[in-house]
Amino acid sequence: MFDMYYFSQRSRSYDSDEHERGACEWCEYALIITLATILLIGVSALTIFWIFFYREGYAWADDVPEKQFNLHPTLMVAGFITFSGFSVLLYRICRCFRRIYVKLLHAIFHALAFPCIVIGFLAVLDFHNKKGINNFYSLHSWIGFVAMGLFGIQYAVGFFSFLLLLICNKGTASFRASLVPIHAAFGILTFVLGVAACLTGLTEKAIFTLGAEKYSGLPREGVVINAIGVASIAILAVVMYIVSRDKFRTSSSREEHIRVSVDL
């Protein structure tokens, strides 16, 4: 009789612990999603505010090349950080959708990032040519060039392997499964390089535009530029935290991860 009572109490205790863990997990899940969304939208909004309030807005005209340059930081932040960040997060934390819908959302946000990166690159390249400035001489440009190359390769491989090859789902399943860890690893690397390119570009722009002496005095524009950089670092931290937490995987991703671990 005592054993049955003891076993019943232990079962209730385990159920209570599971419920508490579930509640804590969902609170963490909601907090992370909210924080990530605010940061991803906020960094682009802050960049647009900086350009309109301090840099006189946008243009694509020969008479105002500086306004054309303004497209570069705005579109690169939107492409490499905001849209790419949402793409990574949606693929990782969308628990309520079918896997194919998650893949489509992942591809859509990358498709939104692609023209931003291309136009942002063309804007600064044309600006340099108009002003007689050398191209690809700085660390920022080297990091950005590598990030753009990886982004293009990732997009092409992902579109071909994880969308087009679904036409022959069973015949290509093992091949697509073998690409998943590679695609995921290079996706994170591309995102990290994109953030690094944005940070070095912001610093370069602040020094060239404000001057080292004025920038060291921390003017208001310098504060805004620094705030964009800090927000970018915070986004990277949140994304890496989510990627490192197995509990943020979708249920199907967890099952695949378990099967791979068992096979190994």
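Residues numbered from 1 in each chain as written. Predicted model: local features only at pLDDT ≥ 70, side-chain atom pairs only at ≥ 80, totals over all residues. Heavy atoms only, no water.

Caption draft 1: Highlighting unusual backbone geometry. The backbone of Phe136 sits at a positive phi, close to 55°, despite the residue not being glycine. Tracing the backbone through its elements, the reader meets Phe136 in the loop between helix 4 (99-131) and helix 5 (139-162). Classification of Phe136 by relative accessible area gives partly exposed; the value is 38%. (Helix = DSSP H or I, 4+ residues; strand = E, 2+ residues; numbered from the N terminus. Buried < 20%, exposed > 50% of the residue type's maximum accessible area, 1.4 Å probe, protein only.)

Caption draft 2: Just helix 8 (residues 220-244), in detail. End to end, helix 8 covers 36 Å across 25 residues, agreeing with the expected 36 Å (1.5 Å per residue, within 8%). What helix 8 keeps buried is the set Glu221, Gly222, Val224, Ile225, Ile228, Gly229, Ala231, Ser232, Ile235, Val238, Val239 and Ile242. (Expected span 1.5 Å × (residues − 1).)

Caption draft 3: Up close: the UniProt feature "transmembrane region" (unreviewed entry) in the protein chain. What UniProt calls "transmembrane region" (unreviewed entry) maps, in this numbering, to residues 29-53, 73-92, 104-125, 145-167, 179-203 and 223-244. The straight-line gap between the two end C-alpha atoms of residues 73-92 is 27 Å; of that span, 100% is helix and 0% is strand. With 100% helix and 0% strand, the stretch residues 104-125 has end C-alpha atoms that lie 32 Å from each other. (UniProt positions renumbered as here; feature names shortened; annotations may be inferred.)

Caption draft 4: Representation of the nonpolar core within the structure. Judged by nonpolar contacts, the single largest core of 46 residues is most densely connected at Val43, Trp50, Phe80, Ile81, Leu89, Ile235 and Ile242. Looking at this core, the elements that each hand over two or more residues are helix 1 (2-54), helix 3 (71-93), helix 4, helix 5, helix 6 (169-210) and helix 8. Those residues in contact with Ile235, other than ones at most four positions away along the chain, are Leu39, Leu40, Val43, Ile81 and Phe191. With 5 residues, the next largest nonpolar core counts Leu71, Leu75, Cys116 and Ala123 among its residues. (Core = buried A, V, L, I, M, F, W, Y, C linked by side-chain atoms within 4.5 Å. Contact = heavy atoms within 4.5 Å.)

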